[in-house]
Amino acid sequence: MSSCDTEKLGQLYSEEGDRLERQIARRTGNPSIARDLVHDLFLRVWERAAGLSGSPAAFLNRSARNISIDHLRREKVRSSHALATLARQPQQDPAFEAVSARQSEEAVRRAIRALPETTRRLFLMNRAEGLSFHEIAARCGMSERNVAKHMAKAVASCARALEDLRNE
């Protein structure tokens with residue numbers, strides 16, 4: 001992408017970004033998710049800039065609608081899957097559940113302590129402080145994409161720790 005195209009995209013983001021966030025937030029009910037989805041949308045536009053033609057505003061409106069619907073569909077599938085999984089699990093003794101929860105918590109704490117410093121710091125900023133990827137990126141002077149990569153690494157590490165615990 002040329003610097004001229006990048007400037008045009010930046011101007012388009014300045015002009016349309018807030019409106020698209022509001023549009024997506026109305027659909028999803030979550031302004032934080034809307035901000036992340038708008039960033040994803042502009043990243044896709046940036047990646048495909050050479051192949052775009054026609055009205056950018058119309059394309060962005062349609063894309064915002066589609067990305068909202070896709071997000072809601074994924075969330076619906078996740079919720080359905082989680083409910084089905086819970087329904088299949090037999091009821092266990094509360095004492096066993098408490099011990100299991102403590103073991104899981106300790107396994108996750110160990111996994112977090114074992115992360116590289118930057119990854120651990122970013123993960124805790126998101127999960128403990130409740131900061132969005134956008135806020136973390138702004139505070140740390142890095143791209144949201146880089147924050148997302150660190151978060152994916154941290155979440156995968158925690159998931160492996162829990163899986164290892166279940167396999168013991």
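So, here is what we can say about the structure in this document. In this text the structure is predicted, and so the values were computed from the model without any measurement. (Residues numbered from 1 in each chain as written. Predicted model: local features only at pLDDT ≥ 70, side-chain atom pairs only at ≥ 80, totals over all residues. Heavy atoms only, no water.)

## Describing the packing of aromatic side chains
Phase 1 of the analysis: All told, the structure shown has one aromatic pair when counted by the stated rule.
Phase 2 of the analysis: Seen from their ring centres, Tyr 13 and Phe 42 are 4.9 Å apart, and the 85° between their planes marks the pair as edge-to-face. Placement of the pair is Tyr 13 in helix 1 (residues 3-28) and Phe 42 in helix 2 (residues 31-47), with a sequence separation of 29 residues.
Phase 3 of the analysis: Phe 42 sits in the buried class, given a relative accessible area of 6%. (Phe/Tyr/Trp six-rings, centres within 6.5 Å; stacked < 30°, edge-to-face > 60°. Helix = DSSP H or I, 4+ residues; strand = E, 2+ residues; numbered from the N terminus. Buried < 20%, exposed > 50% of the residue type's maximum accessible area, 1.4 Å probe, protein only.)

## Examining the packing of helix 5 (residues 117-127) against helix 6 (residues 133-140)
Phase 1 of the analysis: Interaxial distance between helix 5 and helix 6 falls to 10 Å at its minimum, and their mutual angle equals 135°. Judged by the inter-axis angle, helix 5 sits oblique to helix 6. Where helix 5 crosses over helix 6, the two elements pack in a sense that is right-handed. Along the contact surface, helix 5 presents Arg 121, Leu 122, Met 125 and Asn 126, while helix 6 presents Phe 133, Ile 136, Arg 139 and Cys 140.
Phase 2 of the analysis: Considered class by class, the residues forming the contact of helix 5 with helix 6 number five nonpolar, one polar and two charged. (Axes fitted to C-alpha atoms, helices over the stretch in contact; angles between N-to-C directions. Parallel < 35°, antiparallel > 145°, perpendicular 65-115°, else oblique. Left-handed = near helix turned anticlockwise from the far one by under 90°. Contact = heavy atoms within 4.5 Å. Nonpolar A, V, L, I, M, F, W, Y, C, P; charged D, E, K, R; others polar.)

## What to know about the packing of helix 6 against helix 7 (residues 144-167)
Phase 1 of the analysis: Orientation of helix 6 relative to helix 7, taken along the N-to-C sense of each, is 110°, at an axis distance of 8 Å. Relative to helix 7, the element helix 6 lies roughly perpendicular. On helix 7, the residues touching Phe 133, His 134, Ile 136 and Ala 137 of helix 6 are Glu 144, Val 147, Ala 148 and Met 151.
Phase 2 of the analysis: In the contact of helix 6 with helix 7, the residues fall into six nonpolar, one polar and one charged.

Geometric descriptors of this kind do not, in isolation, establish any biological role.
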